[in-house]
Amino acid sequence: MKRFTEDALSDWMRQPGPEHDVVISSRVRLARNLRTFPFPSLATKAHAQEVMQLVSTAADTSSLKEEQNFTSVPMSQLSILEKKLLVEKHLISPHLAEGNSEAAALINASESISIMVNEEDHLRIQCIAPGFQLNETWQAANRIDNQLQEQLDYAFNERLGYLTSCPTNVGTGIRVSVMVHLPGIVLTNQLQNILKSFAQWGVVMRGMYGEGSEALGNIYQMSNQITLGQSEEALVDLLTRATQQLILVEREARNGILNDRRLPLLDKIFRSFGTLLYAQMIDKVEAAQRLSDVRLGVDLGLLEQVPHVILDELLVVTQPGYLQQMEGRLMDDFEINLRRAQLIRERLWKHLR
Amino acid sequence: MICQNCSKNQSNYHFTKIINGNKTEYHLCEACAREKGDIVQGPGNSFSIHNLLSGMLNIEFGANVSKVRAAETRCGTCGLSFNQFKKQGRFGCADCYEAFGTQLDPVIRRVQQNNTLHAGKSPYPRTTENDAKPSLASQLAALEEELQAEIRNERYERAAVLRDRINNLRQQLAGDGQGFSGSSSANVTSKQWPHFHAEEGE
């Protein structure tokens with residue numbers, strides 16, 4: 001269990017995925033419930049414990065066990081900081097971290113699969129992959145779902161599909177999402193128009209940590225809005241097409257800026273690089289913005305000495321949960337900002353010498 | 001930036017609310033944000049979608065639907081009332097969907113962009129008498145395809161499970177023709193749900 005809270009970088013992030021200049025990661029999650037238990041918001045402690053037992057037994061006895069060595073991570077055994085770190089690594093949701101203690105996550109060794117138990121729904125099956133791999137990610141999630149469904153009595157009805165705690169998830173229970181880095185679109189002021197036109201297609205964008213979170217460092221999460229009335233494949237296809245569009249627009253915007261405003265862009269990128277190399281204190285917002293500039297520089301081939309994987313690692317390393325977990329204690333903003341600047345300097349200089 | 005609400009303090013909380021593409025931004029100081037109840041402790045959380053959703057449900061039902069009727073509808077299994085559902089935006093159990101019946105239709109339509117019918121995967125074949133046979137057969141075909149894929153990938157343990165399911169289905173197909181009876185022997189049948197009721201809210 002310790003390994004999930006020791007390393008900032010999940011194994012699945014070590015290899016750069018397809019189109020990684022724009023798409024950081026692809027994710028699919030399926031919401032499922034058991035027919036004969038109240039949903040987690042109404043469940044008693046005994047119900048919740050029984051659900052956890054049934055799900056881990058199912059994961060243990062099905063053919064899943066052969067392929068995925070799941071580790072059960074009970075929320076009751078984690079400190080606040082450890083939970084925070086798992087949220088920052090996208091292994092659990094903020095809801096699971098904050099919610100009742102009779103909850104758990106089953107996580108595989110590469111950290112690409114997390115089955116959350118007693119989140120808003122009894123099960124949230126989540127698969128994640130680097131870069132643009134929505135179809136592969138859906139196939140992986142579907143396989144796990146098929147294997148679990150041989151063991152578990154899912155709440156399902158012919159008309160409304162998989163029944164979920166919230167009506168926004170009913171039907172397929174699927175949320176297909178990509179995490180994208182959009183500095184070009186933001187710099188050329190195209191984000192609002194894109195948001196509007198995607199919304200008409202049922203595609204929504206929000207900040208990096210999903211529901212209600214702010215967008216830091218030009219990183220957005222894009223996902224399907226509805227879950228009912230379309231098949232899983234149709235929704236995967238919808239997000240695939242939207243992502244392809246977004247990649248085209250983002251690359252075009254970057255090339256446009258590189259042609260029209262080359263020197264100001266270089267100045268911005270290298271200033272940020274310099275700041276990260278030398279700053280002694282840096283807050284979360286500035287770190288996110290500077291890292292976005294450096295990421296853009298790396299993806300444009302202007303900062304070849306910085307390996308891409310460092311940037312993904314720094315996304316987690318600069319988060320308050322990770323910083324405090326490494327220190328093993330709660331820290332105030334002053335200390336966090338010192339520590340953040342120090343870790344960024346260490347990571348970057350390592351590759352310059 | 002100065003807080004939009006009290007116009008006095010520095011705003012530390014910046015919210016962006018997007019509903020169907022309409023974006024609204026809020027800049028509030030901590031005191032005002034707390035007062036509005038919009039801060040949920042935790043990483044990156046601000047407006048809860050459930051607050052928004054329950055707000056929408058109340059606007060919709062407050063004016064049009066007879067409150068008395070709505071208030072009396074209660075799920076027989078978990079005891080959640082329709083009003084409680086509206087308030088929290090969450091169901092209490094799977095049976096709530098049946099219990100609230102047609103009152104739910106506008107809610108589902110609203111959050112699912114007018115869709116009312118599931119079009120995705122299913123954990124078991126359709127059970128109505130008319131299409132029991134074709135869907136059993138198509139289920140069989142899908143399973144066989146899956147089996148071949150597992151064998152190709154040398155995942156034999158899973159292949160063995162699939163083979164058993166295929167044999168079961170074949171027997172049913174050859175058997176009484178009544179269709180799939182629901183749960184297979186592989187299912188973990190959980191204990192009878194102990195009687196319980198939702199806590200009555202304010």
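Within any chain, residue numbers begin from 1 and follow the written order of that chain's sequence. Note on labels: chains are lettered from A, ligands numbered from 1, in written order. Totals for whole chains, interfaces and linings use every residue, but because this is a predicted model, local features are given only for residues with pLDDT of at least 70 and side-chain atom pairs only at 80 or more, for both listing and counting. No hydrogens and no water enter the side-chain calculation; it runs on all heavy atoms of the structure.

Looking now at the overall build of chain B. Along its length, chain B carries 8 helices and 2 strands. Helices (α) and strands (β) of chain B occur, in sequence order from the N terminus, as β-β-α-α-α-α-α-α-α-α. Using a 1.4 Å probe on the protein chains alone, a residue whose accessible area is under 20% of its type maximum counts as buried, one over 50% counts as exposed, and one in between counts as partly exposed. Relative to its full complement of 202 residues, chain B shows a buried share of 36%. When contacts within chain B are restricted to residue pairs at least 6 apart in sequence, those whose partners lie at least 24 apart make up 40%. All accessible areas in this document rest on Shrake-Rupley with a 1.4 Å probe, and a residue is counted as covered only by the protein chains that are shown. As displayed, chain B offers around 11,800 Å² of accessible surface, 48% of which is attributable to carbon and sulfur atoms. Labels follow the DSSP assignment, with helices taken as runs of H or I lasting at least four residues and strands as runs of E lasting at least two, numbered in each case from the N terminus. Note on definitions: a residue-residue contact is assigned when non-hydrogen atoms from the two residues lie within 4.5 Å.

Here A:Ser177 is to be found in strand 8 (residues 174-181). Beyond its immediate sequence surroundings of up to four residues, A:Ser177 is in contact with A:Ser25, A:Ser26, A:Arg27, A:Leu134, A:Gln221, A:Met222 and A:Ser223.

It is worth spelling out the pattern of salt bridges at this point. All names here are of chain A. The term salt bridge refers to a side-chain nitrogen of Lys or Arg lying within 4 Å of a carboxyl oxygen of Asp or Glu. Enumeration according to the criterion identifies 25 salt bridges over all chains in this entry. In this structure, Arg 347 engages Glu 313 in a salt bridge whose closest nitrogen and oxygen atoms are separated by 3.1 Å. Note that Arg 347 is positioned in helix 14 (residues 333-350) and Glu 313 in helix 12 (residues 308-317), a separation of 34 residues in sequence. For the pair Arg 347 and Glu 313, one class covers both residues: buried. Salt-bridge contacts for Glu 335 lead to Arg 329; the nearest nitrogen and oxygen are separated by 2.8 Å. Its relative accessible area of 27% is what places Glu 335 among the partly exposed residues. Residue classification places Arg 329 among the partly exposed residues on the basis of a relative accessible area of 38%.

Turning next to the state of the cysteines. All names here are of chain B. Whenever a pair of cysteine sulfur atoms sits within 2.5 Å, that pair is classed as a disulfide. For the structure on display, the rule yields 0 disulfides over all chains. Distance from the sulfur of Cys 93, which forms no disulfide, to the nearest cysteine sulfur (Cys 78) is 3.7 Å. Judged by its relative accessible area of 0%, Cys 93 is buried.

Moving on to the pairing of strand 1 (residues 23-32) of chain A. Residues and elements named next belong to chain A. With 10 of its 10 residues buried, strand 1 lies for the most part within the structure. For two strands to be treated as a pair, DSSP must find at least two bridges joining them. Judged from the 7 bridges that link them, strand 1 and strand 8 form a sheet pairing that is antiparallel. Across the sheet, Leu 30 pairs through a bridge with Ile 174, a residue of strand 8. In this sheet, strand 5 (residues 123-130) lies alongside strand 1 in antiparallel orientation, the contact comprising 8 bridges. For Arg 32, the partnering residue across the bridge sits in strand 5 and is Leu 123.

Residues and elements named next belong to chain A. To define axes, lines are fitted to C-alpha atoms, for helices over the stretch in contact only, and angles between the resulting N-to-C directions are given on a 0 to 180 degree scale. One can describe the packing of helix 12 onto helix 14 by two numbers: an axis separation of 11 Å at closest approach and a directional angle of 170°. Compared by their axis directions, helix 12 and helix 14 come out roughly antiparallel. Across from Ile 310, Glu 313, Leu 314 and Val 317 in helix 12, the residues of helix 14 making contact are Leu 343, Ile 344, Arg 347 and Leu 348. Any residue outside Ala, Val, Leu, Ile, Met, Phe, Trp, Tyr, Cys, Pro, Asp, Glu, Lys and Arg is labelled polar, Gly included; the first ten of those are nonpolar and the last four are charged. Per-class residue counts for the contact of helix 12 with helix 14 are 6 nonpolar, no polar and 2 charged. Between 65 and 115 degrees an angle is taken as roughly perpendicular, under 35 as roughly parallel, over 145 as roughly antiparallel, and anywhere else as oblique.

Residue and element names in this part refer to chain A. Strand order in the open sheet formed by 8 strands is 2-3-4-5-1-8-10-9, with antiparallel pairing between adjacent strands. The strands lining the two open edges of the sheet, one partner per strand, are strand 2 (71-74) and strand 9 (203-207). For this sheet, the mean angle separating the axes of adjacent strands, direction not counted, is 20°.

Residues and elements named next belong to chain B. The backbone of Gln 113 shows a phi angle near 50°, a positive value even though the residue is not glycine. Even without a glycine there, the phi angle at Asn 114 is positive, about 75°. One can find Asn 114 in the loop between helix 6 (105-111) and helix 7 (129-152).

Take the packing of aromatic side chains next. All names here are of chain B. Between 30 and 60 degrees the pair is tilted, below 30 it is stacked and above 60 it is edge-to-face, where a pair is any two Phe, Tyr or Trp rings, Trp via its six-membered ring, whose centres lie within 6.5 Å. Within the structure shown, the criterion is met by 9 aromatic pairs over all chains. On the numbers, 5.8 Å between centres and 40° between planes, the contact of Phe 82 with Phe 85 is tilted. One end of the pair, Phe 82, and the other, Phe 85, are both in helix 4 (residues 82-88), 3 residues apart, so they sit about a helical turn from each other. Exposure remark for Phe 82: the relative accessible area of 0% places this residue in the buried category. Classification of Phe 85 by relative accessible area gives buried; the value is 0%. Summarising the aromatic geometry, the rings of Phe 85 and Phe 91 are spaced 4.3 Å apart at their centres and angled 15° between planes, so their arrangement reads as stacked. Note on Phe 91: relative accessible area 0%, which makes it buried.

This part covers the domain arrangement of chain A. Residue and element names in this part refer to chain A. Taken domain by domain, chain A consists of domain 1 (2-254) and domain 2 (261-350). Where each domain begins and ends follows an automated or database-derived domain assignment. Once you take the C-alpha centre of each, domain 1 and domain 2 turn out to be 26 Å apart. Contacts between the two partners involve 27 residues from domain 1, matched on the other side by 28 residues from domain 2. Buried area adds together the accessible area that both of two parts lose upon being put together, with accessible area traced by a 1.4 Å probe. For the pair domain 1 and domain 2, the summed buried surface comes to about 2,300 Å²; carbon and sulfur atoms form 68% of the total. If you sort the residues of domain 1 by the area they bury against domain 2, Ala 8, Leu 81 and Glu 88 come out on top, with a joint share of 24%. In this assembly, domain 1 and domain 2 are joined by 0 salt bridges.

Another point: a nonpolar patch on the surface. Taken together, the side chains of A:Met281, A:Phe334 and A:Leu338 present a nonpolar region at the surface, about 280 Å² in accessible area. Structurally, the position occupied by A:Met281 is in the loop between helix 10 (262-278) and helix 11 (284-299). To count toward a patch, a residue needs a relative accessible area over 30% and no salt bridge; like charges are then connected within 9 Å, while nonpolar side chains (Val, Leu, Ile, Met, Phe, Trp, Tyr) are connected within 5 Å.

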